[in-house]
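Listed below, chain by chain, are the residues.
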Amino acid sequence: MNRFEYADSRLMPNEVYVRRDMAVRLYDGDTKTNFESGELILTSHRILWGRPGDIPRGNTCLSLSLGYIVFFEEENPGPFSFGRSKKIVLHLSEPAVDKMPGPADNSLYNYVKLSFKEGLDPNFITHLSDTIMRRIWEFTPATGLIVSDTHTNQGNAKLLSHIKTRTGIIGIERSLQEKQKETDENISLAFQDLTKLMDMAKDMVAISKTISAKIRARQGDITEDETVRFKAYLMSLGIDDPVTRDAYKSSNEYFEQLAKQLACILEEPIKEVGGMMTLTDVYCRVNRARGLELLSPEDLLHASRQLAPLGLPIVLRNFDSGVMVLQIRSHDDNTVVDRISELLKEKGFMTAEDLAQSEGISILLARERLLVTEKHGKACRDDSIEALRFYPNLFLEEISSE
């Protein structure tokens, strides 16, 4: 109780009225006090307690600054505590040195309790938590001049909509609830936008199918170059007719058609990157082209395994290291080995990073090509703490010179 001060019950400038509760008793820690059945006023700066009828007349009351409250919690009576009222426990910081006189100079406790004889209004916890979180008293300190409640409320009604500093356990819980609510609202908006996007995508797919049908029907009126160019535009938009599982009765038929589509859309891109593309890059490229009809990694792998049996221009290849790529069927390792051998002689040595930068390929593929060159006996490695470097196999040159 040594944090309470004697004060005038009227509101001060910059102080805003929040709520009033009746029949409230004060506890000093767990000890009952004689301050019972009083009227409690919560403001933006203080908690005021007085005898019934004293506060409206501006008489002296007890005042507790909200700045003392470290955190608060609700104390419910036990299952066998019949007739006991709910309490709010206010955990307080040490009293200020310049604190005004109050009902007690010393206290054994660093907390007080508010006991609500007529029942605790759940809104009291919400209002108290919001008021403490805003910490208006830190930004607009109340002065000692006394003004009427009406003037104060009219002049400062907007203060409670500012400043959202969090404090205490209840404040943290309140903050988490607000963030959860905001997240739920954002997710709801996102799904609304996604629904609209899917509806638009369906319309675009329908349009692309109609145009594709007209192209096939008017094959003689449209040149081959125009047809290829238009299909490329459709693919860049990601709205070409994707192969989907529900369009086929069996999985085998689905994977065969999917493999044909993979060969159709990947043959040129794979040639552009040197005749070989990792399966992870294939997965990203294909799903970008398919739009909302995304492929699973398993479906892509099953379809890739159908490329070779169907005699398509690209095939699946597994390296000894476990790396999986799609490569052009006409890809020749000997040509690649000869190319890298010449680079090694020209540069003296190369790392995977060097080869990737030189050839414009990924580091993973560059490493595999160096390993293939080594496997063919035209490169030697030097594995040190600096890097894995590959050198020309000089033993072959010595043998050939003899």
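Residues numbered from 1 in each chain as written. Predicted model: local features only at pLDDT ≥ 70, side-chain atom pairs only at ≥ 80, totals over all residues. Heavy atoms only, no water.

1. So, the packing of aromatic side chains
Inspection of the entire model under this criterion finds 5 aromatic pairs. Here the aromatic rings of phenylalanine 349 and tyrosine 391 are separated by 5.4 Å at their centres, their planes lie at 35°, and the arrangement is tilted. With phenylalanine 349 in the loop between helix H9 (333–347) and helix H10 (352–359) and tyrosine 391 in strand S14 (residues 388–392), this pair connects stretches of sequence that are 42 residues apart. Using a relative accessible area of 33% as the deciding quantity, one classes phenylalanine 349 as partly exposed. (Phe/Tyr/Trp six-rings, centres within 6.5 Å; stacked < 30°, edge-to-face > 60°. Helix = DSSP H or I, 4+ residues; strand = E, 2+ residues; numbered from the N terminus. Buried < 20%, exposed > 50% of the residue type's maximum accessible area, 1.4 Å probe, protein only.)

2. Observations concerning the pairing of strand S11 (residues 314–318)
Looking at chain direction, S11 and strand S12 (residues 324–328) are connected through 5 bridges and run antiparallel. For asparagine 318, the partnering residue across the bridge sits in S12 and is methionine 324. Between S11 and S12, which follow one another and run antiparallel, lie 5 residues, and glycine 322 among them has a positive phi close to 100°. (Pairing = 2+ DSSP bridges.)

3. What to know about the packing of H9 against helix H11 (residues 363–375)
Interhelical geometry of H9 versus H11 gives an angle of 95° and a closest axis separation of 9 Å. Taken together, H9 and H11 sit at an angle that is classed as roughly perpendicular. Here Asp333, Val336, Val337, Ile340 and Ser341 of H9 come into contact with H11, specifically with Arg369, Leu370, Val372 and Thr373. Split by residue class, the contact of H9 with H11 holds 5 nonpolar, 2 polar and 2 charged. (Axes fitted to C-alpha atoms, helices over the stretch in contact; angles between N-to-C directions. Parallel < 35°, antiparallel > 145°, perpendicular 65-115°, else oblique. Contact = heavy atoms within 4.5 Å. Nonpolar A, V, L, I, M, F, W, Y, C, P; charged D, E, K, R; others polar.)

4. Some thoughts on the sheet that holds strand S10 (residues 276–278)
The strands making up a sheet associate through hydrogen bonds between their backbones, and the pairing can be parallel or antiparallel. Pairing is antiparallel in the open sheet, where 3 strands are placed in the order S10-S12-S11. Lying at the two open borders of the sheet, with one neighbouring strand each, are S10 and S11. Shown here is a sheet whose adjacent strand axes are inclined to one another by a mean of 30°, direction ignored. Docked against the sheet, helix H6 (residues 251–272) engages S10, S11 and S12, running at close to 85° with respect to S12.

5. A word on the side chain of glutamine 327
For glutamine 327, the location among the structural elements is in strand S12. Take glutamine 327: its relative accessible area is 9%, and that puts it in the buried class. For glutamine 327, the residues in contact, after removing those within four places along its chain, are Ile270, Gly275, Met276, Pro313, Ile314, Val315 and Arg317.

6. Remarks on the packing of H9 against H10
Helices that pack against each other are described as a pair by the angle of their axes relative to one another and the distance between those axes. Running from N to C, H9 and H10 point in directions that differ by 110°, and their axes come no closer than 12 Å. Between H9 and H10, the crossing angle belongs to the class labelled roughly perpendicular. Only Leu355, Ser358 and Glu359 of H10 make contact with H9, whose side of the interface consists of Arg339, Ile340 and Leu343. Taken together, the residues that form the contact of H9 with H10 break down as 3 nonpolar, 1 polar and 2 charged.

7. Some details on the pattern of salt bridges
The final tally for this structure, using the stated rule, is 14 salt bridges. The shortest N-O distance in the salt bridge between arginine 339 and glutamate 359 comes to 2.9 Å. Taken together, the residues span a long stretch of sequence, with arginine 339 in helix H9 and glutamate 359 in helix H10 at a distance of 20 residues. In this structure arginine 339 comes out as partly exposed when scored by relative accessible area, which is 43%. The class of glutamate 359 is partly exposed, set by a relative accessible area of 29%. We note a salt bridge from glutamate 374 to arginine 381, for which the minimum N-O separation is 2.9 Å. Sharing partners across several salt bridges, the network here consists of Arg19, Asp21 and Asp121. (Salt bridge = Lys/Arg side-chain N within 4 Å of Asp/Glu carboxyl O.)

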